[in-house]
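Read off the chains here:
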Amino acid sequence: MPIKVCILTSAHPVFDVRIFHKECKTLVRAGYDVTLVAGHSESLSVDGVTIKAVTPAKGRFERWFRTTAAVYRAAVAVDADIYHFHDPELIPAGLLLRARGKKVIYDMHEDLPRTVPYKPYVPKWLQPALAKVLGIGESLAVRRFSGLIAASPEISARYVAHPNLSIVQNYPLREEFPEGGETPARSDYVVYVGLRITRARGAVEMLRAIELVPEALRVRLKLVGTIEPGDLVQQLQGMPGWGLTEYVGPLGRVGVSELTRNAMAGLVVLHPEPNYVNSHPVKLFEYMCAGIPVIASDFPVFRRIIEQAQCGILVDSLSPKKIAGAIEFLAAHPEEARAMGARGRLAVNSRYNWQHEEQVLLGMYNRMCHNAESRGTLGSELT
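These numbers come from a predicted model, not from an experiment.

For the protein chain, the helix and strand inventory stands at 15 helices and 14 strands. Taking 21 Å as the expected radius of gyration for a compact globule of 383 residues, we find that the protein chain reaches 21 Å, a close match to that expectation. Counting only C-alpha atoms, the protein chain reaches 70 × 50 × 40 Å along its principal axes. Within the span of the protein chain, comprising 383 residues, buried residues form 52% of the whole. Of the contacts formed within the protein chain by residues at least 6 apart in sequence, a portion of 68% connects residues at least 24 apart.

Given below as structure tokens:
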């Protein structure tokens, strides 16, 4: 019988790209029996993945308590051989599953303590203490888990001593951004694509920058995602740059691909906050995969990737003038912009793609299954 795998998330949408389209589908193709427990309106089966729905939370606190409990109950009912969870709030559920003798993988998307400073609902005075408590708590918990997955080398740095640690980076699916077709002489817009559009992700600076680009170049800004929080919507709408901006809102994967491939450039101008400075945002690699140049924050991690591939321009993300200057340069030099885009696509084809990372994911699962078989049971403790 196929090995049963249960993927758990309480915070991510059911069709999250990393969780569903990359990891779940990869495991299905490899012959695993995969169930995904997530917030959704109904249980169903999609692309070989059994989706076991729990009622979506209406707010953050409901998600932390009611949804996490519902996810745990659904996970127990699945009775899988391997559990793989994606959210720090599910750490208690992971520990309870370990206590039941199950193999459990913790998939770390972010460096948890570093996320605290950009959570607006946490008072400033509480942030240092909370970050320390979360860091200690996570460190104690991970010792019990059968495997750890980190979305970047920087995230993995705290847990290099764990005996079963893998780095599975969130690189794009090349098939979502197919090559071919006619490239316009020069697109008239730059794009930001994200799940959320926030102040810390450069929303205000992007609008101020687009206002500074010379009017004769006729460049517009397109924003994809959900603007958060609500007062940011009002702030952006009151800015002069809003008249040069098209707020697209959330888009499906096909829409993201089409909009991105036809853009002049992709923006990833994150603020220099602790969790962002060492991040590997998927939008950066999706822009490269789409064959468009990147305008990115001048962080060491971004600099290494972009300078090596020669695929974009690094800027001070807190300077609308610098961002505008990069947009102006690409608009005025379309041939160089196309060359940057082509070099970015080449880098993705050779290294920064999911086809490479899925082998790392399957390697971890193969090791866990092999270790279990050698001990006679898939639910035994990892040594």
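Once you've had a look at it, read on.
Right, let's talk about the sheet that holds strand β13 (residues 294–297) for a bit. Here we have six strands laid out as an open sheet, ordered β11-β10-β9-β12-β13-β14, and parallel in their pairing. Every interior strand has two partners, whereas the edge strands, β11 (245–249) and β14 (312–315), have only one. Taking the axes of each pair of neighbouring strands and ignoring which way they run, one obtains an average angle of 25° across the sheet. Summarising the sheet, strand β9 (residues 189–197) and strand β12 (residues 265–268) pair through two bridges and their orientation is parallel. Paired with V191 across the two strands is G266, which belongs to β12.

Taken together, the buried positions of helix α9 (residues 253–261) are occupied by V256, S257, L259 and T260. Packing partners of the buried residues in α9 comprise β9, β10 (220–227), β11 and α11 (282–290).

Here we come to the packing of helix α13 (residues 320–332) against helix α14 (residues 334–350). Where α13 meets α14, the closest approach of the two axes is 5 Å, and the angle between their N-to-C directions is 105°. The angle between the axes of α13 and α14 places the two elements in the roughly perpendicular class. Note on element contacts: α14 touches α13 through P334, E336, A337 and M340, opposite F329, L330, A331 and A332. Tallied by class, the residues present in the contact of α13 with α14 amount to seven nonpolar, no polar and one charged.

We now examine the sheet that holds strand β5 (residues 82–85). Sheet architecture is open: eight strands sit in the order β3-β4-β2-β1-β5-β6-β7-β8, paired in mixed fashion. Because the sheet does not close on itself, it has two edges, and the strands there are β3 (44–46) and β8 (165–167). Strand-to-strand twist across the sheet, computed as the mean angle between neighbouring axes with direction ignored, equals 25°. Inspection of the sheet shows strand β1 (residues 4–8) paired to strand β2 (residues 33–39) by five bridges, in the parallel sense. Bridge assignment links V5 to a residue of β2, and that residue is V34.

Turning our attention to unusual backbone geometry. The amide bond that connects E228 to the next residue, P229, takes the cis arrangement and shows omega of -5°. Inspection of the secondary structure assignment puts P229 in the loop between β10 and α8 (230–237). Positive phi is not limited to glycine here, since D47 has a value of about 50°. As for its placement among the helices and strands, D47 is situated in the loop between β3 and β4 (49–54). Positive phi outside glycine occurs at Q310, with the angle close to 55°. With respect to the element layout, Q310 can be found in the loop between α12 (300–309) and β14. Look at Q310 and you get exposed, because its relative accessible area is 51%.

Another point: the side chain of H271. Note that H271 resides in the loop between β12 and α10 (274–277). In this structure, H271 is in contact with R199, A200, G202, E205, Y276, F299, S317 and L318, ignoring residues within four places of it in sequence.

Before going further, it helps to spend a moment on the packing of aromatic side chains. A complete count under the given rule lists 12 aromatic pairs for this structure. A centroid spacing of 5.3 Å and a plane angle of 80° characterise the contact between Y171 and Y352, whose relative ring orientation is edge-to-face. Here Y171 is found in the loop between β8 and β9, whereas its partner Y352 is found in the loop between α14 and α15 (354–375), with 181 residues between them in sequence. On the basis of relative accessible area, Y171 is assigned to the buried category, the value being 2%. We classify Y352 as buried; its relative accessible area is 10%. One aromatic cluster in this structure is built from F61, W64 and Y121.

Parameters and conventions
Along each chain, residue indices are assigned from 1 in the same order as the chain's sequence is written. It should be noted that, the model being predicted, local features are given only for residues of pLDDT at least 70 and side-chain atom pairs only at 80 or more, the latter also being counted only at that level, while totals for whole chains, interfaces and linings use all residues. The side-chain quantities take in all heavy atoms of the structure and omit both hydrogens and water. The helix and strand labels rest on DSSP assignments: H or I over at least four residues marks a helix, E over at least two residues marks a strand, and numbering proceeds from the N terminus. Here the globule rule reads 2.2 Å times residues to the power 0.38, and the radius of gyration is calculated from C-alpha atoms. Burial classes follow relative accessibility: with a 1.4 Å probe on protein chains only, a residue under 20% of its type's maximum area counts as buried, one over 50% as exposed, and anything between as partly exposed. Should any heavy atoms of two residues lie within 4.5 Å, those residues are considered in contact. Any two strands between which DSSP finds at least two bridges are classified as paired. What counts as an axis is a line fitted to C-alpha atoms, over the stretch in contact for a helix, and the angles between N-to-C directions run from 0 to 180 degrees. In these notes the angle categories are as follows: under 35 degrees is roughly parallel, over 145 is roughly antiparallel, 65 to 115 is roughly perpendicular, and the rest is oblique. Throughout, the ten residues Ala, Val, Leu, Ile, Met, Phe, Trp, Tyr, Cys and Pro are labelled nonpolar, Asp, Glu, Lys and Arg are labelled charged, and all others, Gly among them, are labelled polar. A pair of Phe, Tyr and Trp rings is counted when the ring centres sit within 6.5 Å of each other, with Trp represented by its six-membered ring. The angle between the planes then sorts it: under 30 degrees is stacked, over 60 is edge-to-face, the rest tilted.

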